Each structure stands twice: as structure tokens, then as C-alpha cells.
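Below are the chains, spelled out letter by letter.
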Amino acid sequence: MSDPSPPDLVPAPPGGTGVPAGWAALAGVAAAASALAVGELVVGVAGGGQPSLVAAVGTAFIDQFAASLKDLAVSLFGTNDKVALVVGIVVVSLALGAALGVAARRRFVVGVAGFVVFGAVGFQAYRTDELGRTATGLAASSLAVVAGVGALWWLLRSAQVLWERAGGAAAGTDAAAVAVPVDDGVLVGGRLEAAPRSPMLPIAVARRAFLATAAGVAAGAAVLATVGRRLGSGGTSEAERARVVLPEPAGTTPTPAPSLEVARVSPYITPNDDFYRIDTALTVPQVELDSWRLRVTGLVDRPFELTYDELLAMDAVEETVTIACVSNQVGGNLVGNAVWQGVPLQVLLDRAGVQAPVAGAEGQVVGRSLDGWTAGFPMDVATDGRVALVAYAMNGEPLPVRHGFPARLIVAGLYGYVSATKWLDAIEVVRWDDFDGYWVPRGWSKEGPIKTMSRIDVPRSGADLPAGATDVAGVAWAPTRGISAVEVRIDDGPWEPCELGDVAGENTWVQWRLRWDARPGEHVISVRATDGDGVTQTEEVAAPAPDGATGWHTRRVRVS
Ligand SMILES: Nc1nc2c(c(=O)[nH]1)N[C@H]1C(S)=C(S)[C@@H](COP(=O)(O)O)O[C@H]1N2
Ligand SMILES: [Mo]
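Bear in mind the structure is a predicted one, so any value in this text is a computation, not a measurement. (Residues numbered from 1 in each chain as written. Chains lettered and ligands numbered in written order. Predicted model: local features only at pLDDT ≥ 70, side-chain atom pairs only at ≥ 80, totals over all residues. Heavy atoms only, no water.)

### A word on the sheet that holds strand β6 (residues 304-307)
Strand order in the open sheet made by the five strands is β6-β5-β14-β9-β10, with mixed pairing throughout. In this open sheet, the two edge strands, each paired with only one partner strand, are β6 and β10 (374-378). On average, each strand axis in the sheet is inclined to that of its neighbour by 15 degrees, with strand direction left out of account. Relative to β6, strand β5 (residues 293-298) runs antiparallel, the two being bridged by four bridges. Across the sheet, residue Val296 finds its bridge partner in β6, namely Phe304. (Pairing = 2+ DSSP bridges. Helix = DSSP H or I, 4+ residues; strand = E, 2+ residues; numbered from the N terminus. Axes fitted to C-alpha atoms, helices over the stretch in contact; angles between N-to-C directions.)

### Considering the sheet that holds strand β23 (residues 553-559)
An order of β16-β23-β22-β18-β19 is seen for the five strands of this open sheet, with the pairing classed as mixed. Strands at the two margins of the open sheet, each flanked by one partner only, are β16 (464-465) and β19 (496-497). Where strand β18 (residues 483-490) meets β19, two bridges bridge the pair, whose relative direction is antiparallel. Paired with Glu487 across the bridge in β19 is Pro497.

### Brief notes about the packing of aromatic side chains
Inspection of the entire model under this criterion finds 13 aromatic pairs. Taking the centre distance of 5.9 Å and the plane angle of 85 degrees together, the rings of Phe275 and Trp340 count as edge-to-face. Of this pair, Phe275 sits in the loop between β4 (251-252) and β5 while Trp340 sits in strand β8 (residues 335-344); the two residues are 65 residues apart in sequence, bridging distant segments of the chain. Considering the side-chain rings of Trp292 and Tyr308, the 6.1 Å spacing of their centres and the 75 degrees angle between planes classify their relative orientation as edge-to-face. With a gap of 16 residues between them, Trp292 in the loop between β4 and β5 and Tyr308 in helix α9 (residues 308-313) connect regions that are remote in the sequence. For the pair formed by Trp292 and Tyr308, the shared burial category is buried. (Phe/Tyr/Trp six-rings, centres within 6.5 Å; stacked < 30°, edge-to-face > 60°. Buried < 20%, exposed > 50% of the residue type's maximum accessible area, 1.4 Å probe, protein only.)

Have a look at this one:
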């Protein structure tokens, strides 16, 4: 904006002139960026880990479309997919901004209306987002509209002034047409025109000046958005988590010393940082431990609440449990094994006193998340003696924020989507028929027992191996039933029994290994597991939807 001097802004409404569509589109993009940025800033200033307008729209999108993406659905919401969704929303917003800019160049009121609709969509999404306060949404969306309209007005005005100074419509959009000032007028494309009020600008200079102006607004928006995100990202949970002192668990299942070590096979215990993450949360719920409560409610005689300190003061157990995602493909990595510390669900249900009609097959235990997500499983599962915990620690650390801080449910033998509610807000006892958890109306089975599964970790698919002795190894799991045998087959050969590693119990995966004398050629390695009930993993291939993938995992390798 240094050369030439900034346009003199005459306070007249923009529009009605022949500013090129490209300039107007650019103005619209920068205006939309300003609106989004102000939205981010307001939410950041409001604090409390509230979602931005973009995040709220993203959450609404997930809630709306998760069902129609059924086959992909659950796994769709891994970390990368969330980034893609947010980027997508921003890109679409900017594109709509471009269209608004073009429309507003003729009739500015169209631009105003467009931004008002923008703001209304953002506000509506915000209102339905459990993590945002309505007042924040109202402030963010209305100030975003003001910023968007203001930026659009100013940029279109600047565009118009620059355009007129370059000779206006007479210059056309021909980049070569240059307005040349002459003694008593201006010579544009060979025609003599009335002298303008200010000296003429070559069109290329005017274009550069406008580009610089729009880029300046966009850069300012980027700075505001960054500041807003910085302010907002100081979520409370990380700081709260850092000062938690975990109690000693009363009961512990010892974690076995590694007995089966093969390079690149999954470690028996999955480190927290490597543990898969799946959830619908674009904004992770933030908590202040002093005000967090776990409510135990519903069809119980004595509903109660626990503070975080009260929860940690209760007798705790430590259990090693493998959890898996229903959308894990055969051979996929949406599965992990961790040591969970927490309070048995049964103890909490007993304290609340589950009412007789729902104490058995009629009953359902629902976990409610702070972000409104829900999962439910049969009361019989909660009370059949299996490991079912309100967990607050994972592998000896307070629950990581993305894995559900301050507390989550862990139920051995059930896929996460029906059981493993993170950022736990309440445990509610309801009738089985009266409630469906988040994924059920979206096409997934209401009951989700984990299917027996085995996976080859080494060798990798497509590996080129030297002939001779090599390890084939991986993991197999059937939580609550345990694994009694794992067998590997090379090509169409016989099933060969594998060596199994030590385990903490039936709820965890087991590492397995076979020493294979590899002969030159192309080979297909297959694996299958047999659970503790003696049932062998089915060969039948099924997709993850609606209740978990089946089939044998295979890997193709070359030996030379
Ligand atoms: N609040 C909340 N809890 C949730 C989910 C969710 O979307 N929101 N997803 C569930 C699903 S589908 C799975 S597989 C597990 C994954 O737990 P993890 O991310 O700790 O591995 O969390 C479960 N708990
Ligand atoms: Mo899942």
C-alpha cells in the first residue's frame, strides 16, 4: 500500500461501477476471512475452551452427516479428518465470500444479506454445540457479520476509487490499456476524457494497489485469527491435568514383563502418545477440576454426584484392557492396550441403587460426555463381573486430554462406540428400549461386542525378505474371552501354531510369533486366532458397519 498513495476514501456507497469481478471476488474473500477471524478472536477472548464458529459448524456437520457416511463414519473422525473438515469449512466460506463480493459490487445489500446469513448459520450451529455458551455464539457471530460487512464495504470502496482513478470503465479490463494524463483531460485507449479530480493511475498500478490492500486485510485477519486461537487454546484441561496426583490403586493386575520381543511388533502396552484416537470432538471439552462433577442418575434410588477428589479417594483398581474401534478394518490400527486405573462401575451403580425393572435385561447404562456424545450398553454387561471402570488414569498417568480427561468409561469386550465415553459427564441408567447412543441412529448396531481378531505386524506387506529364518509376528485380541491360540498359514500350507506372549488377563491382546523358514518366491501369510471359548475367528469377510469387520488378515511378501 506504499506505492501509490492509498485511495482517497469518499464516503459514498460502493457498487454500481464496473470494478472488475476479480477485484470484487478478492474483496469478498478478504471480507470473509475478516469475519472468520473476528469470530475466532471473540471466542478466544471469551475463553473456557469454547468452540469457534468454524468448529461449531464442523460439529453440526459431523452430527448431521455422520449417518450418511456410515461405512467410513466412525473412523472418519480421526485427527486428520478433523483438520480436513475445518480446512474445508474455511475454504468453502472464503469461496462463498468471493461470490458475495462479486454480487455486492452491483448491489451492496446482497453482500450484507450474505454475511447476515453466514452469521446466522454460525450462530445456529453454536447454539446446538454443547461446549459453547449461547452468549459467546451471539457475540462471535454478530461481530463477525459486522467485520465481514465492514471489510467488504471498505474494500469495494477502495476498489472503486482505484478503478476510477485508473480511468474507470473506459479502461476496460484490458491490462494493456493505460490511462495517460494529458493537458486538459485524460487519454484513455485513444479517447479524450474529462480530467479526473486526482492524477490518473496506470491500470497495472491500480491493480497492484488493490491487491496490496486486499492482501493487507487478509493478513490482518490471519493475525487476528491466530491471536484468537492462541487465547482460546489455553484450555484448562492440560493445566489441570498437570497438577493431578494419582492415588495408589488398591488392586492391580501385574503387567507381564515383555516375553516376546520382535522388532516392530506392537508393544504389549501401547504408549499413550501412540494410542489411536477416535471421537467426534472437533473441540476437546475443557474442564476445571473444582467444578467438574460425575453424576450418576436415571432410574436409580439414590442419584449422586462425585467431585474429582471424591472419585480419586474411592478404592481404585488397575486393569489392563484392550479397546478397539468398531470401524477398525481387518489389519487396521484402531486398537490399543493400556493399563487403566479407576473405580469399578458396579460400585457406583450399587451406591446409586439401580431400580428393579432395569436391573436386568431391561436396563441400559448410558455414558454422557461433556460434549453431548453418548454411548449405551446393556445393564447385564455392566454387572456380569467383567472389567468395567470409570477410568481416570491411563498407563500410570492422568487420562490424557484427548483420551477423555478427567474420566471415561472402559468396558472390557465392547467396541468404544457403545461403551468408552470420554470426558465423562454422567452415567445414566435408562430402559434398554428408551434410548439409543450417538452412533445407533446413524446406522451402527445397538450392541457392540468386540469380535475375535488377529493382525500381522511383521513382515510388512510388500516386504522383500532374504530367504531363511524370519519372524512372523503380531497381536490378537478377544477381550473378556482371551486368546487360546493363534495360527499362521503360508500360502495354502497347513495352519501352524504360534508362540504366544504373556498377558495380564483375558481382556488384553496377546503378542504372537512364528519362526518361518522363508523360501524364495512370492508368499501370502494369513493369520487367525481362536478365543478362550474355543471359537476360531471367522474367515467370512465383513465390512466394519454395522457391528465390526471380520475376516483373516493377510500379507503378501517377496522372499529372495
Ligand atoms: N465423548 C466421546 N467419547 C468417545 C467417542 C466420542 O466420539 N466422543 N468415541 C468413542 C469411540 S468410537 C471409540 S473407538 C473410543 C476411542 O477411544 P480413544 O480415542 O481413547 O482411543 O472412544 C469412544 N468414546
Ligand atoms: Mo470407535
